[in-house]
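Okay, here's what each chain looks like letter by letter:
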Amino acid sequence: MTVEFKTRKELVRTYARHVSRGKVKFYNRYGFTLVPRRREGAYLYDVNGKKYLNLHCNGGVFNLGHRNPQIIEAVRRGLETYDIGNHHLISGPKAMLAQRLAECLPGDLNHAVFGVSGGEAVDLAIKLARATTGRPGIVSALGGYHGHTGFALAAGDDRFKAPFGPLSPGFSQVPFDDVPALERAISDETAAVIMEPVPATLGMRIPHPNYFREVRRLCDQRGALFIADEVQTGLGRTGIPWAIEHFGVVPDILVTGKGLSGGIYPITATCINDRVYKFVVNNPFIHISTFGGSDLGCLAALEVLRITMDEAFLAEVNRKAERFRQGLEAIRRGHATVFKEIRQLGLFMGLRFTSGTFSMVLSKALFDNGLYAIYSANDKRVLQFLPPLTITDEEIDQAFTILDTSLWQMRRSLKYRGLKFLADRLAAEPV
Ligand SMILES: Cc1ncc(COP(=O)(O)O)c(C=O)c1O
């Protein structure tokens, strides 16, 4: 069997007919049609051969680049002995991965339950918070994102959940980085507060250094749990193992996903402290996920942890982050009328422009020039930059060249009414 089509056009037409006509229409309308075939390191290659530097990386799935040879080798070796495994039985790879995660995590986050997707892992975090506290309330941040599944969806924004009601009751949202608002929202009925340390969809907003200390304090005061969603921010992305550590607090539950897969085999983990673990111990067969923590996925994840938790690797992430900071700041100064701010925690970066129009026209110019990056869905002024953590200095410099060229092109093109109109229409699209 082959996954090849005779022409790119035929491939796209078949995708439109059987997978998503809406996506194809959207991408074609704005000239954003990318059909990746070959992929390697920091690059994606369209079926038509065009090469793209990937600064999207699916929110961190490709932290270690595309088709990382060490991850492929770990899974290849694993295939000599293992398969998906039986989720009911005791598993060596699961035990090793949970033990390794406990070593890498702060505080008493000593236990892990594995899943396939981030949404599933967040659902479990919320289930365990409710079961542990016996309370219904879940508080999350407006504009954040936790996944497409039941409880994760309920903790998200209206535009993702409106058609699917009625959803689970007990969910409320507060503005991010607003302590008084959280104080009002949290009560004796609150099971947990769930937040991303830096919400990506909200424009990579870096909170006040004391914000999460206040979140922790309010949770403790009210007897609620704190869940850190590190699906995007974890695993070395911000220059240290977990982003929440920048803020000096330890959550009761930490969710990791995306990059844990090594970009090769899906796996996520809901990491829990000793208190939450009690419910799991007393109810060993209440949460069942057939593919959750498959043995092969565990082997991929173990290799991810071996690479990313290494001190020398993290030092390199920080060195590259500094290179990005300096290079981006120089470019920003050259385009200061439109390019307002660089939001950065390690290699988790957001470039804020004066309006959504600019970042959207810019993302199109970048695309045309061979760099793939997207803007934040809930703050379209912010272009997200998530390079692979393994990006080389030459590739970083290539990103700078493409960014600077594209900014000039964007600033010139915006003089033409037609393109501005296109950008305004794009701004109204629900991405
Ligand atoms: C912060 C965060 N949490 C959870 C999820 C859900 O993960 P998944 O798409 O694997 O279900 C995402 C996905 O983008 C995410 O960014």
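All of the points below concern the structure found in this document. (Residues numbered from 1 in each chain as written. Predicted model: local features only at pLDDT ≥ 70, side-chain atom pairs only at ≥ 80, totals over all residues. Heavy atoms only, no water.)

Of all the residues in helix α2 (residues 21-30), the buried ones are Val 24, Phe 26 and Tyr 30. The buried side chains of α2 occupy one side of the element, clustering within an arc of 165° when seen end-on. Among the exposed residues of α2, those pointing more than 90 degrees away from its buried face are Arg 21 and Lys 25. At the exit of α2 stands Gly 31, carrying a positive phi of roughly 65°. (Buried < 20%, exposed > 50% of the residue type's maximum accessible area, 1.4 Å probe, protein only. Helix = DSSP H or I, 4+ residues; strand = E, 2+ residues; numbered from the N terminus. Arc of directions from axis to C-beta.)

This paragraph deals with the environment of Thr 133. If you trace the backbone, Thr 133 turns up in helix α5 (residues 118-133). Here the alpha-carbon distance between Thr 133 and Thr 190, two residues 57 residues apart in the chain, equals 8.5 Å. Beyond its immediate stretch of four places on either side in the chain, Thr 133 contacts Ala 191, Gly 223, Leu 225 and Arg 275. Polar side-chain contacts of Thr 133 include one of 2.7 Å to the backbone oxygen of Ala 129. Within the structure, the side chain of Thr 133 is placed 3.2 Å from the backbone nitrogen of Arg 135, a separation counted as a polar contact. (Contact = heavy atoms within 4.5 Å. Polar contact = N/O pair within 3.5 Å; in protein donor to acceptor, adjacent residues only side chain to side chain.)

Surveying the vicinity of the ligand reveals the residues Ser 117, Gly 118, Gly 119, Tyr 145, His 146, Gly 147, His 148, Glu 196, Asp 229, Val 231, Gln 232 and Lys 258. Between the ligand and the protein, one listed contact pairs a nitrogen atom with a backbone N or O atom of Tyr 145 at 3.5 Å. Bound to the protein, the ligand loses 83% of the 390 Å² it would expose on its own. When the residues that make up the shell around the ligand are grouped by side-chain class, the tally is two nonpolar, seven polar and three charged. (Near = heavy atom within 4 Å. Areas by Shrake-Rupley, 256 points an atom, 1.4 Å probe, with all protein chains shown as cover. Nonpolar A, V, L, I, M, F, W, Y, C, P; charged D, E, K, R; others polar.)

The next subject is the packing of aromatic side chains. Describing an aromatic ring pair means giving the distance of the ring centres and the angle of the ring planes. Per the stated rule, a full pass over the model turns up 14 aromatic pairs. Ring geometry for Phe 176 versus Phe 212: centroids 6.2 Å apart, planes at 55°, classification tilted. Highlighted residues: Phe 176 in the loop between β6 (171-174) and α8 (179-185) and Phe 212 in helix α9 (residues 211-222), separated in sequence by 36 residues. With respect to burial, Phe 176 and Phe 212 carry one shared label: buried. (Phe/Tyr/Trp six-rings, centres within 6.5 Å; stacked < 30°, edge-to-face > 60°.)

Here the focus is the pattern of salt bridges. Taken as a whole, this structure holds 23 salt bridges when the rule is applied. Residues Arg 77 and Glu 73 are paired through a salt bridge, measuring 3.7 Å at the closest nitrogen-oxygen approach. In this pair, Arg 77 and Glu 73 are both assigned in helix α3 (residues 69-79), four residues apart and thus about one turn of the helix distant. A single salt-bridge network, built from bridges that share partners, covers Glu 316, Arg 319, Arg 323, Asp 393 and Asp 397. (Salt bridge = Lys/Arg side-chain N within 4 Å of Asp/Glu carboxyl O.)

What follows is about the packing of helix α13 (residues 356-368) against helix α14 (residues 393-413). In contact at an axis separation of 9 Å, α13 and α14 are set at 125° when each is read in the N-to-C sense. With respect to α14, the element α13 is oriented oblique. Where α13 crosses over α14, the handedness of that crossing is right-handed. When α13 is examined against α14, the residues Phe 358, Val 361, Leu 362, Ala 365 and Leu 366 are found in contact with a partner set consisting of Ile 402, Leu 403, Ser 406, Leu 407, Gln 409, Met 410 and Ser 413. Its residues placed into classes, the contact of α13 with α14 shows nine nonpolar, three polar and no charged. (Axes fitted to C-alpha atoms, helices over the stretch in contact; angles between N-to-C directions. Parallel < 35°, antiparallel > 145°, perpendicular 65-115°, else oblique. Left-handed = near helix turned anticlockwise from the far one by under 90°.)

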